[in-house]
Amino acid sequence: MKGNRKIMDETLYAEDMNYYKTGKQNPETILQEVVAMIENAGGAVTHYAFLYQNGQDFVIMQWEFGNTQFRKHYPVLPQKTPSKSILAAKRQAVTALKHYVKSRVLDVRYDGFEAAFAGSAVYQGRTVEELVASGGMLALTDGVVDIGVSE
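Residues numbered from 1 in each chain as written. Predicted model: local features only at pLDDT ≥ 70, side-chain atom pairs only at ≥ 80, totals over all residues. Heavy atoms only, no water.

Residue placement: Lys72 occurs in strand 5 (residues 68-76). Residue classification places Lys72 among the buried positions, given a relative accessible area of 11%. Within polar-contact distance, the side chain of Lys72 engages the side chain of Glu129 at 2.9 Å. Every residue in contact with Lys72, bar those within four places of it in the chain, is listed here: Val59, Ile60, Met61, Trp63, Leu97, Tyr100, Ser120 and Glu129. (Helix = DSSP H or I, 4+ residues; strand = E, 2+ residues; numbered from the N terminus. Buried < 20%, exposed > 50% of the residue type's maximum accessible area, 1.4 Å probe, protein only. Polar contact = N/O pair within 3.5 Å; in protein donor to acceptor, adjacent residues only side chain to side chain. Contact = heavy atoms within 4.5 Å.)

Below, the structure is given as structure tokens:
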């Protein structure tokens, strides 16, 4: 997982992104809504948690459909003026996850589960999104997906 990403060399702050201080729900309640969305679409959630890695907090969810594993995470972004609690930033991360899943669940009805969540599919321990973001290449050959990481 990458830490606090930068766009054009600018640090992303919670206040500058969607869903910051837009609700009052407990993050755990929002996560339960996400679990229900995935399960209602036919998937099975295997794990979800708040993690701390390399100086960065994340919300992460893993699920499966058939024999395919999926994973999505969002960083808990730093606040410009840190408060005593990071609750609003945690709420923001789980709300972003909720809206990601909500949009993909709509696509499930059109394209099927695996196509709708293709970017979150785990291949050799990394998601397709992570491979692409790290310079990975996706090539289709004879109906077989071959993902190689360019150097």
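Moving on: the pattern of salt bridges. As enumerated under the stated definition, the model contains four salt bridges in all. Across the pair Lys80 and Asp16 runs a salt bridge, and its minimum N-O distance is 2.9 Å. Taken as a pair, Lys80 in the loop between strand 5 and helix 2 (87-111) and Asp16 in the loop between strand 2 (10-11) and helix 1 (27-40) lie far apart in primary sequence, 64 residues in all. Note on Lys80: relative accessible area 46%, which makes it partly exposed. When the shortest N-O distance is used, the salt bridge between Lys98 and Glu33 registers 2.7 Å. Residue Lys98 is located in helix 2, and its partner Glu33 is located in helix 1; the two are separated by 65 residues in the primary sequence. (Salt bridge = Lys/Arg side-chain N within 4 Å of Asp/Glu carboxyl O.)

For the rest of this paragraph, the subject is the confidence of the model for the protein chain. Close inspection of predicted coordinates is inappropriate in any region flagged by low pLDDT. Taken residue by residue, the protein chain gives an average pLDDT of 83. The fraction at 70 or more is 82%. When the elements of the protein chain are averaged for pLDDT, strand 8 (residues 136-141) gives the smallest value, 47, and helix 1 the largest, 96. (pLDDT = per-residue confidence, 0-100.)

Moving on, we get to the pairing of strand 5. As paired strands, strand 4 (residues 56-65) and strand 5 are joined by nine bridges and run antiparallel to one another. Bridged to Met61 within strand 5 is Lys72. Between strand 4 and the antiparallel strand that follows it, strand 5, lie two residues; Gly66 among them carries a positive phi value of about 60 degrees. (Pairing = 2+ DSSP bridges.)

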